[in-house]
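# Descriptive structure summary
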Amino acid sequence: MTKQTKILTGLLAGVAVGTAIALILSSDKNDDLKQKASDWFCDLLDSSKDKLASVSGLVKDKMAKTNA
């Protein structure tokens with residue numbers, strides 16, 4: 001990916017996270033919408049944790065092979 005693509009992706013991800021947080025913290029008018037946004041945000045965090053754990057495992061394996 002180019003530098004511009006990475007910046008744009010990060011910007012869009014920030015907007016999505018900010019929107020989700022704003023919806024969750026907004027007034028009690030749309031409880032259903034807030035619940036859906038909250039569920040989406042939790043799913044996003046869970047998938048991020050899974051991906052980070054996977055990458056962490058790959059890095060540890062590569063480091064172990066390099067040090068061996």
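For the structure itself, look to the data block above.
All figures in this text were calculated on a predicted structure; none of them were measured in a lab.

Tallying secondary structure elements over the protein chain gives 2 helices and 0 strands in all. On C-alpha atoms alone, the protein chain measures out to a radius of gyration of 18 Å, which is more than a quarter above the 11 Å that the 2.2 N^0.38 rule sets for 68 residues. Structurally, the protein chain occupies a C-alpha span of about 60 × 25 × 10 Å along its principal axes. When burial is assessed residue by residue, the protein chain has 6% of its 68 residues classed as buried. For the protein chain, the distance from the average site of its 10 positive side-chain charges to the average site of its 8 negative ones is 13 Å.

Another point: a nonpolar patch on the surface. Residues L8, L11, L12 and V15 make up a contiguous nonpolar surface patch of about 390 Å² in total accessible area. Note on placement: V15 falls in helix α1 (residues 3-25). According to the relative accessible area criterion, V15 is partly exposed, its value standing at 47%.

Residues D39, D43, D46 and D50 make up a contiguous surface patch of negative charge. Of note, D46 is situated in helix α2 (residues 31-67). Residue classification places D46 among the partly exposed residues on the basis of a relative accessible area of 42%.

What counts and how
- Residues numbered from 1 in each chain as written.
- Predicted model: local features only at pLDDT ≥ 70, side-chain atom pairs only at ≥ 80, totals over all residues.
- Heavy atoms only, no water.
- Helix = DSSP H or I, 4+ residues; strand = E, 2+ residues; numbered from the N terminus.
- Rg over C-alpha atoms; globule rule 2.2 N^0.38 Å.
- Buried < 20%, exposed > 50% of the residue type's maximum accessible area, 1.4 Å probe, protein only.
- Lys, Arg positive; Asp, Glu negative; His and termini not counted.
- Charge placed at Lys NZ, Arg CZ, Asp CG, Glu CD.
- Patch = residues over 30% accessible without salt bridge, like charges linked within 9 Å, V, L, I, M, F, W, Y side chains within 5 Å.
- Areas by Shrake-Rupley, 256 points an atom, 1.4 Å probe, with all protein chains shown as cover.
- Salt bridge = Lys/Arg side-chain N within 4 Å of Asp/Glu carboxyl O.

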